[in-house]
Amino acid sequence: VFDFTNTQSFSEHYKSFNHGYWAEFVLEPSAGLKIIPGLRLQRFDQGAMQDFSVQPRITGRWQVNERTVLKGAFGIYDKAPEPRFVSRTSGNPNLLPLRAQHYVLGVERAFSELLSLDLQFFYNKRYRLVSPSSKVEYVDGTAQYEWYNSDGSGRAFGMEILLRYLPQPNGIFYGWLSYTRSRSTLRDRTPSRDDSRGGGGPQNSAQPALETYLSDFDQPHILTLVAQFELPWSMELGFRFRYVSGNPFTDLTEGLPIYDADGDSYSVDASGVERNSGRIPAFHQLDARLDKNFTFDTWKGAIFIEVLNAYNATNVENYQYSYDYAQKIPITLFPIAPVLGVKGSF
């Protein structure tokens with residue numbers, strides 16, 4: 001929890017210049033088999049951090065028969081840490097670029113000219129992630145704080161299925177259904193509430209142990225349903241339904257409230273609360289849209305009415321805590337919202 005009463009201002013001039021070079025080849029060793037190897041070379045000049053990255057990647061696609069395709073992919077992807085982490089003042093310019101390895105295996109199956117299925121399994125391994133650090137070294141009697149290091153890691157894995165019903169000439173319906181089942185975790189050190197700079201600390205103390213917890217963006221279930229109907233008189237009616245598991249969060253009402261008599265304010269020590277052990281309620285919403293299309297000699301137009309959150313679901317975005325962290329109230333997204341619009345194209 002950030003302590004607004006214990007801050008220190010500073011300024012720092014920051015330069016960033018990142019550039020990359022990419023090449024790939026398309027190989028077809030036999031009929032129906034396509035292999036695309038690629039290589040990305042990237043240079044990071046992120047403030048005081050400088051590094052060079054080699055990122056190989058490959059994609060393959062095999063047309064087994066007229067209706068079945070097998071596919072796979074592997075790649076290494078790097079990105080620079082956020083500027084605040086490589087700051088000379090309150091960060092570590094020796095951090096390494098964040099790295100991820102992506103693995104994908106899938107199959108596509110066409111049951112007919114209209115109905116097809118796409119099934120994919122994925123695994124994402126992340127390492128060299130930024131982690132808070134308590135390490136300190138003394139050089140000529142001057143303390144050198146590390147604040148952050150590249151010890152963090154994470155992983156995400158799961159499957160995604162996409163069922164599509166394609167549009168057809170003079171047809172009245174098309175749509176698709178997708179579902180994703182996944183898990184995402186991170187492994188790093190917990191920041192200390194005693195650290196005023198936002199890094200590890202308190203400095204000079206023993207380095208905390210690495211711990212594994214759910215990622216802030218862990219969403220085990222994601223379901224999307226889209227349906228479109230062609231109506232008489234050049235009208236279209238569409239629906240979209242979404243269901244998404246709520247994001248994890250650390251419930252501060254389970255922490256230890258601390259009263260500051262000098263500042264007449266409360267803070268909370270959440271070190272005893274398991275990170276991201278709570279979860280926001282699931283998001284679900286139905287949107288509907290009706291279009292009336294017009295076709296002229298030189299342009300096309302439409303009038304539409306769209307209703308977002310058609311059944312007025314109360315979806316929680318986050319929580320706001322009371323002054324002493326004893327209670328929390330939900331912060332909800334917008335209620336039902338009708339929209340009337342006009343569009344044209346030439």
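Fair warning: this is a prediction, and the values are worked out from it, not measured in the lab.

Trainee: Describe a nonpolar patch on the surface, and please don't skip the residues or the numbers.
Mentor: Nonpolar side chains collect at one region of the surface, where Phe294, Phe296, Trp299, Ile303, Ile305, Leu340, Val342 and Phe346 lie side by side and expose about 890 Å² of accessible area between them. Secondary structure elements with two or more residues in the nonpolar patch: strand 20 (300–308) and strand 23 (337–345). Relative to the helices and strands, Trp299 is located in the loop between strand 19 (283–295) and strand 20.

Trainee: I'd like a description of the side chain of Ser184, backed by residues and values.
Mentor: As for its placement among the helices and strands, Ser184 is situated in strand 11 (residues 173–188). For Ser184, a relative accessible area of 10% gives the class buried. A distance of 3.2 Å separates polar atoms of two side chains, one belonging to Ser184 and the other to Arg126.

Trainee: Quick rundown of the pairing of strand 6 (residues 98–110)? Include the residues and the values.
Mentor: A regular strand places its side chains on the two faces of the sheet in alternate fashion. Sheet topology note: the strand 5 (residues 68–79)/strand 6 ladder contains 12 bridges and is antiparallel. When the bridges of strand 6 are listed, Val69 appears paired with Glu108. Taken together, the 12 bridges between strand 6 and strand 7 (residues 115–132) define a ladder with antiparallel strand orientation. Directly across from Glu108, in strand 7, lies its bridge partner Asp118.

Trainee: Hey, could you go over the pattern of salt bridges for me, with residue numbers and the actual values?
Mentor: Within this structure, the stated rule accounts for 18 salt bridges. When the shortest N-O distance is used, the salt bridge between Arg99 and Asp78 registers 2.7 Å. On the criterion of sequence distance, the pair formed by Arg99 in strand 6 and Asp78 in strand 5 is long-range, its members being 21 residues apart. The same class applies to Arg99 as to Asp78, namely buried.

Trainee: Outline the nonpolar core, listing residues and values.
Mentor: General note: in soluble globular proteins, nonpolar side chains tend to be found buried as a group. Ranked by size, the top nonpolar core spans 13 residues in total, and within it Met49, Phe85, Leu95, Val130 and Tyr148 carry the most contacts. Residues in contact with Phe85, not counting those within four places in the same chain, are Gly91, Asn92, Leu95, Val130 and Tyr148.

Trainee: So, the packing of aromatic side chains: which residues are in play, and what are the values?
Mentor: The relation between two aromatic rings is expressed through the spacing of the ring centres and the mutual angle of the planes. One pass over the structure, following the stated rule, counts 13 aromatic pairs. Their ring planes at 40° and their centres at 5.0 Å tell us that Tyr145 and Trp147 sit as a pair that is tilted. Judged by its relative accessible area of 34%, Tyr145 is partly exposed. We classify Trp147 as buried; its relative accessible area is 6%. Look at Tyr259 and Tyr266: their rings are 5.1 Å apart centre to centre, the planes differ by 50°, and that puts the pair in the tilted class. Judged by relative accessible area, which is 43%, Tyr259 ranks as partly exposed. The exposure class of Tyr266 is partly exposed, given its relative accessible area of 32%. Aromatic rings pair up to connect Tyr165, Phe173, Phe229 and Phe239 into one cluster. Stacked on the ring of Tyr213, the Lys or Arg Arg275 has its end atom at 3.9 Å from the ring centre. Positioned above the aromatic ring of Phe304 is the side chain of Arg289, whose terminal nitrogen or guanidinium carbon lies 3.9 Å from the ring centre.

Calculation criteria
Residues numbered from 1 in each chain as written. Predicted model: local features only at pLDDT ≥ 70, side-chain atom pairs only at ≥ 80, totals over all residues. Heavy atoms only, no water. Patch = residues over 30% accessible without salt bridge, like charges linked within 9 Å, V, L, I, M, F, W, Y side chains within 5 Å. Areas by Shrake-Rupley, 256 points an atom, 1.4 Å probe, with all protein chains shown as cover. Salt bridge = Lys/Arg side-chain N within 4 Å of Asp/Glu carboxyl O. Helix = DSSP H or I, 4+ residues; strand = E, 2+ residues; numbered from the N terminus. Buried < 20%, exposed > 50% of the residue type's maximum accessible area, 1.4 Å probe, protein only. Polar contact = N/O pair within 3.5 Å; in protein donor to acceptor, adjacent residues only side chain to side chain. Pairing = 2+ DSSP bridges. Core = buried A, V, L, I, M, F, W, Y, C linked by side-chain atoms within 4.5 Å. Contact = heavy atoms within 4.5 Å. Phe/Tyr/Trp six-rings, centres within 6.5 Å; stacked < 30°, edge-to-face > 60°. Lys NZ or Arg CZ within 6 Å of the ring centre and 35° of its normal.

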